[in-house]
Amino acid sequence: MDSCTVNSCGNRSSKTFKPKKNIPEGSHQYELLKHAEATLGSGNLRMAVMLPEGEDLNEWVAVNTVDFFNQINMLYGTITDFCTEESCPVMSAGPKYEYHWADGTNIKKPIKCSAPKYIDYLMTWVQDQLDDETLFPSKIGVPFKRNFMSVAKTILKRLFRVYAHIYHQHFDSVMQLQEEAHLNTSFKHFIFFVQEFNLIDRKELAPLQELIEKLTTKDR
């Protein structure tokens, strides 16, 4: 297993696709993130994703959702030179799965677009949700909205599609860059987390089902 912690690793390019979303130091969420990093360092991902005793589930999901956004942001940032309008004219995850973009507000009817365009829409949309204080409150004592969990599920479902695209269309580039251990560790952490709290429907995970089984069976 790759020994990278959540936010740092050796000589990796620090190029991100979108600006990194920071959790304010000194906040309770920052403490939760530090807890997650410490348990991740132990190498036991099944335990690392479990809700810490006495903590609020919404807050735990919020902190981890921000962290996954940052991880995927960095991973996709390393391969943007290979994911172009020419190389990826549609947003796909292998020959059987193609994604069309709609966000329900600016673009109501799903549109077919290139992978870089789709991922730009997707990451911008996620960023807007994370920056919305009513959805992702950063201040202690501010309650989460009733629809928080359904928004978090949509964010995670869409972030999964970036992993799926990278694995299906750009894994050769990832290997060239010697990033495969980092990608696998990040994705395994993501999958264990969404499985622990039932955050993504099984049918949505179908494009990477074989890989998911391979990565998770070792830890049962």
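How each quantity is defined
Residues numbered from 1 in each chain as written. Predicted model: local features only at pLDDT ≥ 70, side-chain atom pairs only at ≥ 80, totals over all residues. Heavy atoms only, no water. Core = buried A, V, L, I, M, F, W, Y, C linked by side-chain atoms within 4.5 Å. Buried < 20%, exposed > 50% of the residue type's maximum accessible area, 1.4 Å probe, protein only. Helix = DSSP H or I, 4+ residues; strand = E, 2+ residues; numbered from the N terminus. Contact = heavy atoms within 4.5 Å. UniProt positions renumbered as here; feature names shortened; annotations may be inferred.

Visitor: Before we go on, may I ask you to explain the nonpolar core in this structure?
Guide: General note: in soluble globular proteins, nonpolar side chains tend to be found buried as a group. Counting residues in hydrophobic clusters, the biggest one holds 65 residues, and the most contacted among them are Leu 159, Phe 160, Tyr 163, Phe 187, Phe 190 and Leu 208. Where this core is concerned, the elements lending two or more residues are helix H1 (28-41), helix H3 (57-79), helix H4 (115-130), helix H5 (148-176), helix H6 (180-196) and helix H7 (209-217). Take this core: its biggest share by element is 14 residues, from H5. What Leu 159 contacts, discounting residues up to four positions off in sequence, is Phe 68, Phe 69, Ile 72, Leu 122, Met 123, Val 126 and Phe 190.

Visitor: Which parts of the structure should I look at to understand the UniProt feature "binding site: Zn(2+)" (unreviewed entry) in the chain?
Guide: UniProt marks Cys 83, Cys 88, His 165 and His 170 with the feature "binding site: Zn(2+)" (unreviewed entry), using the numbering shown here. In three dimensions, the annotated residues from a span of 88 residues occupy one location, with a maximal C-alpha spread of 9.9 Å. With respect to the secondary-structure elements, His 165 resides in helix H5. Residue His 165 is classed as buried on the basis of its relative accessible area, which comes to 0%. With respect to the element layout, His 170 can be found in helix H5. Setting aside residues no more than four positions away along its own chain, His 170 makes contact with Ile 79, Phe 82, Cys 83, Ser 87, Cys 88 and His 165.

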